[in-house]
Amino acid sequence: MNREPDFLSTLRLEDTGASTRETILTGASHWSPGGRVFGGQVLAQCIVAAQATIEGRDIHSVHGYFLRPGAIDVPITFGVERIHDGRSFATRRAQAYQNGVPIFSMIASFQTPDVGAEHQDPFPTDVPDPESLPSAASVLASIDHPTAQAWAERSIDMRHVEGSVYVDVQGARVAHQAVWFRVERDLPDDPALHRAVLAYASDLSLLEPIMRRHGMAWGTPGVKLASLDHAMWWHRDGRADEWVLYVQESPSAQGGRGLALGRMFSRDGRLLATVAQEGMMRVPADD
């Protein structure tokens, strides 16, 4: 039995009114190991909530902080404040609350479509096709553990180029990796929805280059990880139901924190988005 409902249902928020300062929406969470709300979910929900107050403009950047762990069995309230509406850009502040306490806070910028100078980093040339790599579902399906089963049943197909870090670290101890991913169902032709889904997926594996560098897997006893903040810039429209290459690296880890950077490419080589995240990583004490 699939314990995780389709995550897309969490992005259908209910408009519950507006105050003099905020538009208020509510949403639910999908099942997540440990009973905590998945950070990518609440990030994507806040993006959807902010987009609901905008017409004719696309989100191009977001900066957010994960403040407290959320509980999957408690509804989430989203408050969106209109900070600025200019001729080309608009700014929104969105916060997610449970029991009246903020669990996530972000500020996002939206832009009217425009033209200008254009360049991008090149698409990596030495990456194998996703069809040649094992899926997360095939790697995790035989593991008799609730978390492994939940991750195996995700509706986003993930395939690690260098080998996964679920149970142990496969491949070299390096601070970089690449992951192919796509949603395993057709999505509506809504660019705003695809940008929100890319944000959801951006939090699934971004801390893994830090783990890989230090030989630690998700299943390593005593390892504790948590996203602290998240920034994302969308450059070009892309489809989350088609293969996306997520190239990731970690330039530094120190003081119980690690920084990770990511770039998302469409399969035809267009740079769709850039992501940055700092995470807490606490490691087992040496014996």
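Residues numbered from 1 in each chain as written. Predicted model: local features only at pLDDT ≥ 70, side-chain atom pairs only at ≥ 80, totals over all residues. Heavy atoms only, no water.

A.B. asks: Explain the overall build of the protein chain to me, please; I cannot follow it from the model alone.
C.D. replies: Within the protein chain, the secondary structure is distributed over five helices and twelve strands. Projecting the C-alpha coordinates of the protein chain onto the three principal axes gives extents of approximately 55 × 45 × 40 Å. Within the protein chain, the proportion of its 287 residues that are buried is 49%. Counting only contacts in the protein chain whose residues sit at least 6 apart along the sequence, the fraction spanning at least 24 positions is 71%. Total accessible area computed for the protein chain in this model is approximately 13,700 Å², and 50% of it derives from carbon and sulfur atoms. (Helix = DSSP H or I, 4+ residues; strand = E, 2+ residues; numbered from the N terminus. Buried < 20%, exposed > 50% of the residue type's maximum accessible area, 1.4 Å probe, protein only. Contact = heavy atoms within 4.5 Å. Areas by Shrake-Rupley, 256 points an atom, 1.4 Å probe, with all protein chains shown as cover.)

A.B. asks: How do you make sense of the packing of aromatic side chains when you look at a structure like this?
C.D. replies: Aromatic rings considered in pairs are described by the distance between their centres and by the relative angle of their planes. In total, this model carries nine aromatic pairs according to the counting rule given. Relative to Y200, the ring of F7 has its centre 4.3 Å away and its plane inclined at 15 degrees; by these criteria the two rings are stacked. Pair noted here: F7 is in the segment before β1 (14-18) and Y200 is in helix α4 (residues 191-202), with a separation of 193 residues, a long-range link. An angle of 45 degrees between the planes, with centres 4.9 Å apart, marks the rings of F66 and F104 as tilted. Taken together, the residues F66 in strand β3 (residues 58-66) and F104 in strand β6 (residues 101-111) connect sequence positions 38 residues apart. (Phe/Tyr/Trp six-rings, centres within 6.5 Å; stacked < 30°, edge-to-face > 60°.)

A.B. asks: Would you explain unusual backbone geometry in this entry?
C.D. replies: Only a minority of non-glycine residues have a phi that is not negative, and only a minority of peptide bonds are not trans. The phi dihedral of N99 falls on the positive side, at around 55 degrees, and the residue is not glycine. Within the secondary structure, N99 is located in the loop between β5 (89-98) and β6.

A.B. asks: Would you take a moment to explain the layout of surface pockets for this structure?
C.D. replies: Where empty space is left can be seen by rolling a probe of water-molecule size over the atoms. Size it by volume and the largest pocket reaches roughly 1,400 Å³. Around the largest pocket sit 48 residues that line it, and P33, W151, W218, L225 and A226 are the ones nearest its centre. No other element matches strand β9 (residues 224-234), which puts five residues into the lining of the largest pocket. Here the residues of the lining of the largest pocket sort into 29 nonpolar, twelve polar and seven charged. Reported here for the second largest pocket is a volume of approximately 580 Å³. (1 Å grid on protein atoms, 1.4 Å probe; cavity = no way out; pocket = protein on both sides within 12 Å on 5 of 7 lines; lining within 4 Å. Points joined across faces, edges and corners; volume = space filled by probe spheres on them. Nonpolar A, V, L, I, M, F, W, Y, C, P; charged D, E, K, R; others polar.)

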